Structures are given as C-alpha cells and as structure tokens.
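The chain contents come next:
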Amino acid sequence: PQQTAGEPDSPRIAMTDAERAEALEFGRQPDLIDHILSDYTDCGIVGEENNKLLCYLAAASRKMAEPISVLILSSSGAGKTALQDTTLRLCPPEDIIQLTSLTGKSLFYKGRHSLKHRVLAIEEHTGAEDAGYAIRCLISSGELTVESTVKDLSTGKLTTTANRVEGPTAVFITTTDPDLNPETRSRFLVLSVDESREQTRAILEHQRRQQTVDGLMSASNVATILTRHWNFQRLLKPLAVVNPFADKLAFTDDRLQSRRDQPKCLNLVKAVAFLRQFQKPVKLAHGVAFVEADEKDVDLADRLLRHITGGNLEELNVVSRNLLTLIERMVERQSCAGFTRRQIREFTGWAHSRVERYLEQLIDMEYVLVDKGRNGVKYVYRMASQLVEPSHLPGTFSSPSRSSDKMQHADPERVIEHVPGRTVPDVGVTK
C-alpha cells in the first residue's frame, strides 16, 4: 500500500497558496529543463549540463515505482561530491537520507517506511562497501526483508522475528574506485564529471566571481531557489508513465548486459516524462492515472544516454577511457613506441596517484602492455593496439521512425483525459 501522510515516517509539509501556485507555474514552464540547469549554476555547479540533469531526474524519480540510481565515478577533487550535494540540496529535506558510512546490516533494520520514496545518498562508496548486498537488493527488489533470532525474555525461548523495509528508493553514491564490484555497478547509471582543462578554467573563474558583488547577490538568491524546487518536487504526484514509443525503440542485443541495461534506459524516458507531468494531460485507464511520454521526452533521454554510454556499457570506466585516449594522442604526437608513467604525467598533467590507479585498469584489460620493467628497472609501456572509436554507441536508442504521427496511444475507448474540474483518483503507481 502507498504510504500515507498519517504515518510517522511521512511528514506533511504545509505550503501556502502562493508557494503552491509558484511551484505549479515552475513545473508548467516549457523551458523547465533550462531553468533547472540555470538553478544548478546559481547554486555553484558550473558546466556539467548532462550530469546535472541526470542527477535531478534521478532524485525526482524517487516518487516513481522504479527510481533511477546514480553512481558518480571520477578522480579525487574533480567535483563529484559537489554535484551530488547540490542535487540533494535541491530536494526536499524530508526526502533525503545522507550518510557518510553504512554497515552491512543497518539498512535491513530501518523503519518500514523510512526509505520509501526517499533518496539514500552515500558520500563515498568506501564507507558502504559492507552494505553492497543490501543496496543491490534495495534497488532491484524495491524492499529489504530480514529474519533474525531473538530470545523471549518472558519464556527464555528462542524465536524469530522479521523486519521489512519498503522502497522504492533512489540511491546516490560517489566513488574514485574504477574496480567497483560489477554487480553493484550494473544497478546504477554511471556518471563521470568533466575533468578537462576547459572545465577547470570555468570552475576557477566561477570561484573568483563568487568573491565579487555579483557573486554575493547570486548567493543571496540560493535560499529562494531551493525553496522553489522543494515545493515543486513536493507537488509531483506518483503517476504512472506510459511510453507509446517503446516498441519503436531498438536497443543493442549483442551483450547479455543489455537485459539489465535496457530497463534502466527506458526508465530514464519515464523519468523525463514524470518530471514534466504538469505539462501533460493526466489520463485514466482501468482506474490507473498516468501521463504519456512524448517525443521530446524520448529525444532528451536519448541525448543523456549518449552522454553516459561509455561509463555504463563499455568494459572501461569513463576516466580510464579518457586516459587511454590521452595516451594514444601522446604516442601519436611524440612518435614514441614505448613510454613511461612520467611521460604520461607530463603530457596529461595528471597526478601520479591518478595515473597509477587508472593505468592499472588499462594494463589489466590489456589496452596497455608492459614492455619491460621490474624492481630496480624503469617500467616502459606500449599500446596494445590503436584505439578505435566504435561506429555504434551501445545502449542508446535507435529508431528510424519516432514521429508523433506514428506514435501508438492507449486505446481511446479505455482512456479518459483529465479536464479541469474533474478529479483524478489518488492512486498509486503501478509497475
């Protein structure tokens, strides 16, 4: 059953009529996406347009039956924590559970509704390694159930007691570990922040600008921005989403992994439509209220998928692939068959620890080979082969016909479009 406002773990936050009207107006704007990105910038996140939108969609999807979970993988100091923290600040505080550490069994003993339609955010995966199994189960099954043995104090006999923790829950985790457990990784959309020199320059300029009068005025508007987003997200209804384009979208079928990845990609389309629900008519079918995804939703989701494809469906994580690209560029420019880690550091500007960490994965995957080297002898590496960019991006949608005139709607005889003055039943989201 849907959690109600009367339950202790579901506080109701009162809004004034003015706040409700402002939140509705915000959600009905045709350029809602642009406003969200602009507000991220005002809150201190420069660039990262696709990552900001993916994080916001994932956070808002906590109210859906199948939320999106996000793993942000990048080098230390690149800004992954800032991106996650800003996303959490834009969510209503009552829906956020933010932790720095998590033991293996702790999630199993939470209150029954304490994680339901919440965002569970962990600052660094290292602090939750023991809870990996619980996190995977929470994402996949939408609930956790544990049975344990306890002693009855009155009789002295041993008995069993069960505890059930209901989801669904959107999970956010940041990490610098390129060797993250693949079983855990496969449950997430994997993002990597922009580590380019151009992005660094933009961040430094923004930091300096924050010390000026313009920066002071911008900071003073943050509280207003946060309140607007909190109220907007509080008004989002747990409506189901129908994708009339689903049978027209093709997905790569040459990998077993696609069986798990396609649902995540399709769910991203639903998350975009869910976020834009105030711009859509609410329909009814067999007593279930829903909104339909349109072509704009599919196109935006497809753009975002193309941005994250490398980090989700390739064997290399995004940071390692960036290093591989830079190494190939160095070999080409310097016309060198062999190279050392010092040459990599000098060419890329990466720190020693960063080169060492991600070069190790390239060696393990045999993209880079050890030409020579042992204790006391300098290591020299060489490329196993030239890096070939794939002609097809696995994990992105491909559709020769996605025009609105070919879209398949639900049976009009079984669908009633919501009109002003007509009450839509407050029904739960159906899977």
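The structure presented is a predicted model; accordingly, all values stated were derived computationally and were not measured.

Here is what the cut-offs are and how they apply
Within each chain, residue numbers correspond to sequence positions counted from 1 in written order. Owing to the predicted nature of the model, reporting of local features is limited to residues with pLDDT of at least 70; listing and counting of side-chain atom pairs is limited to 80 or more, with chain, interface and lining totals taken over all residues. Each side-chain value is worked out from all heavy atoms of the structure, with water and hydrogens disregarded. Numbered from the N terminus, helices here are DSSP runs of H or I no shorter than four residues, and strands are runs of E no shorter than two. When accessible area is computed with a 1.4 Å probe and restricted to protein chains, residues below 20% of their type maximum are described as buried, those above 50% as exposed, and intermediate ones as partly exposed. Contact criterion: two residues are considered in contact whenever any of their non-hydrogen atoms come within 4.5 Å of each other. Where accessible areas are quoted, they stem from the Shrake-Rupley method and a 1.4 Å probe; at the residue level, only the protein chains shown are allowed to cover. Between rings of Phe, Tyr and Trp, where Trp is taken as its six-membered ring, a pair exists when centres lie within 6.5 Å; planes separated by under 30 degrees are stacked, by over 60 edge-to-face, and by other angles tilted. In this scheme, the term charge over a ring applies when either NZ of a lysine or CZ of an arginine sits within 6 Å of the ring centre and within 35 degrees of the ring normal. In the sections that follow, a salt bridge refers to a side-chain nitrogen of Lys or Arg positioned within 4 Å of a carboxyl oxygen of Asp or Glu. By this definition, two strands are paired if DSSP reports at least two bridges between them.

Trainee: Sorry if this is basic, but what is going on with the overall build of the protein here?
Mentor: A tally of regular secondary structure across the protein gives 14 helices and 13 strands. For the protein, with 431 residues in total, the buried portion stands at 47%. Considering only residue pairs separated by 6 or more positions, the protein has 76% of its internal contacts joining residues 24 or more positions apart. Here the protein displays about 21,800 Å² of accessible surface, and carbon together with sulfur accounts for 49% of that area.

Trainee: How should I be thinking about the packing of aromatic side chains in this particular structure?
Mentor: The relation between two aromatic rings is expressed through the spacing of the ring centres and the mutual angle of the planes. By the definition in use, this model includes six aromatic pairs. A ring pair is formed by Phe26 and Phe232, whose centres lie 5.3 Å apart and whose planes are at 75°; its orientation type is edge-to-face. Note that Phe26 is positioned in helix α1 (residues 17-28) and Phe232 in helix α9 (residues 222-235), a separation of 206 residues in sequence. Aromatic rings pair up to connect Phe26, Phe232 and Phe278 into one cluster. Across from the ring centre of Trp350, 3.7 Å away, lies the NZ or CZ of Arg354, which sits over that ring.

Trainee: Explanation requested: the side chain of Ser186 in the structure shown.
Mentor: Along the chain, Ser186 turns up in the loop between α6 (182-185) and β7 (189-191). Apart from residues no more than four positions distant in its own chain, Ser186 is found in contact with Arg260 and Lys264.

Trainee: What is the right way to look at the pattern of salt bridges in this model?
Mentor: Oppositely charged side chains can form a pair if their charged atoms are brought close together. Inspection of every chain in the model, using the stated rule, returns 18 salt bridges. Across the salt bridge formed by Asp297 and Arg276, the nearest N and O atoms sit 2.5 Å from each other. Taken as a pair, Asp297 in helix α11 (residues 295-313) and Arg276 in the loop between α10 (258-275) and β9 (283-285) lie far apart in primary sequence, 21 residues in all. Neither Asp297 nor Arg276 differs from the other in exposure class; each is buried. The residue Lys280 makes a salt bridge to Asp294 at a minimum N-O spacing of 3.0 Å. Taken together, the positions of Lys280 in the loop between α10 and β9 and Asp294 in the loop between β10 (288-292) and α11 put the pair 14 residues apart, joining distant regions of the chain. A relative accessible area of 11% means that Lys280 is categorised as buried. Judged by its relative accessible area of 25%, Asp294 is partly exposed. Linked through salt bridges whose partners overlap, the residues forming this network are Arg112, Lys116, Glu143, Arg164 and Glu166.

Trainee: What is the right way to read the pairing of strand β5 (residues 158-166) from this model?
Mentor: The two faces of a sheet get side chains in turn, since along a regular strand they alternate between them. Relative to β5, strand β4 (residues 143-151) runs antiparallel, the two being bridged by nine bridges. Along β5, the bridge assignment pairs Ser148 with Thr161. Hairpin connection, β4 to β5: the antiparallel pair is bridged by six residues, and Gly156 has positive phi, about 80°.

Trainee: Sorry if this is basic, but what is going on with unusual backbone geometry here?
Mentor: A negative phi angle is the norm for most residues apart from glycine, just as the trans form is the norm for most peptide bonds. Pro168 follows Gly167 through a cis peptide bond whose omega is 0°. Take Pro168: it is sitting in the loop between β5 and β6 (169-175). Notably, Glu48 is not glycine yet its phi reads approximately 55°, a positive angle. By the secondary structure assignment, Glu48 is in the loop between α2 (32-42) and α3 (49-60). Non-glycine residue His286 carries a positive phi angle of around 55°.

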